[in-house]
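Next come the chains, spelled out residue by residue.
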Amino acid sequence: MTTDIRLAFAHPEARAEASAPADPRDRISLRDHMVEVEIGAFQAERGVRQRLRFNVVVEVRPHPEPLRDDVDRILSYDRITEAISASLAEERLNLLETLAERVAARVLQEPQAMRAFVRIEKLDRGPGALGVEIVRTRAAVPLREVNTTGQEQAVHPLVVYLDNDMIAGADLGARLDALVARGLPVILCVGMPPEGAPEVAPRAVQRRIDLLAIEQNAWRLAARDARCVVVASRTEIDWAIKQGQMIVWAPSKLILDSTDSPDCSPRDGAALALWLAEHMAADRFLAPEGLSVPPGSHMPVERF
């Protein structure tokens with residue numbers, strides 16, 4: 001039996017291990033979780049409950065601090081079973097594919113979760129098990145580059161938040177020099193400009209106004225140092241990193257297009273930057289001393 005065929009029928013944990021990059025993440029798994037539910041597109045499946053078997057593997061980023069045997073510091077198995085229960089409770093579904101997508105999406109809302117393997121099988125529709133398996137990643141297209149040996153490897157950039165004093169400071173160039181000297185791609189993030197933004201009543205409109213104000217501040221930073229390039233989309237970030245450019249993030253497109261953007265006001269620039277760091281599987285998040293960083297993230301935070 002070839003490796004591809006063997007893996008096609010292997011447990012999702014074997015699939016995760018076989019497809020792991022050179023720097024694999026930790027994994028947690030749920031095996032042979034059984035649920036009885038009404039599901040299916042055929043008339044014979046209506047009004048009838050049937051058994052489903054779930055196997056789920058989630059790749060997570062290791063916690064940067066000692067766990068201290070504290071369950072609140074890890075991704076609990078309960079989050080996986082809760083994702084299954086919530087997806088089944090929403091509505092009656094026809095397709096296992098729809099159910100698998102919803103389970104994966106819920107699991108990937110957890111800050112620690114980076115990639116999810118979901119296999120669901122019907123056990124009562126024939127002599128064997130009929131099922132689907134999907135793989136979904138928190139970041140749709142991982143940042144990658146070709147190293148000096150010609151091999152493609154994952155890239156974990158530095159995501160750096162600069163406050164307005166840093167942007168205006170006479171030592172801005174020296175700060176950027178120090179970041180470049182670390183030898184990793186750099187993505188700079190900023191918050192609201194000193195003058196703030198106009199205020200309106202509709203929340204959705206205010207969100208867009210605030211994001212545009214942040215982008216104005218990004219251009220203000222780029223105007224101060226010629227190395228800085230303002231980019232908006234995932235594709236632009238990927239391309240700019242491959243070109244060795246120093247990136248300043250304009251957040252509107254990624255925040256408005258993403259299904260898991262942070263549920264916070266754009267005026268909390270640190271929360272947006274921290275979300276980007278998670279989304280990009282960053283090496284770490286650099287923040288100024290005294291800046292309040294939202295709790296609950298498992299991204300390594302360094303003060304500078």
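Since this is a predicted model, take the numbers as computed values, not measurements.

Novice: Can you walk me through the nonpolar core in this structure?
Specialist: Note on soluble globular proteins: their nonpolar side chains tend to be buried together. Residues Leu188, Ile237, Trp249, Leu276 and Phe285 are the most contacted members of the largest nonpolar core, which totals 53 residues. Per-element tally for this core: the top contributor is helix α10 (residues 269–279), with eight residues. With 29 residues, the next largest nonpolar core counts Leu99, Leu108, Ala116 and Val132 among its residues.

Novice: Looking at this structure, I do not really get the sheet that holds strand β8 (residues 186–190). What am I missing?
Specialist: Strands belonging to one sheet form pairs held by backbone hydrogen bonds; the direction of such a pair is parallel or antiparallel. Ordered by their spatial adjacency, six strands build an open sheet running β9-β10-β8-β7-β11-β12, and the pairing between neighbours is parallel. The open sheet terminates on both sides in strands that have one partner only, identified here as β9 (228–231) and β12 (301–303). Looking at each pair of strands side by side, their axes are set apart by 30° on average, direction ignored. Note: strand β7 (residues 158–162) against β8, five bridges, orientation parallel. If you follow Tyr161 over to β8, its bridge partner there is Cys189. Strands β8, β9 and β10 (246–249) of the sheet are contacted by helix α8 (residues 234–242), whose axis makes an angle of about 160° with β10. Packed on one face of the sheet, α10 meets β7, β8, β10 and β11 (284–287) and runs near 175° to β7.

Criteria and cut-off values
Residues numbered from 1 in each chain as written. Predicted model: local features only at pLDDT ≥ 70, side-chain atom pairs only at ≥ 80, totals over all residues. Heavy atoms only, no water. Core = buried A, V, L, I, M, F, W, Y, C linked by side-chain atoms within 4.5 Å. Buried < 20%, exposed > 50% of the residue type's maximum accessible area, 1.4 Å probe, protein only. Helix = DSSP H or I, 4+ residues; strand = E, 2+ residues; numbered from the N terminus. Pairing = 2+ DSSP bridges. Axes fitted to C-alpha atoms, helices over the stretch in contact; angles between N-to-C directions. Contact = heavy atoms within 4.5 Å.

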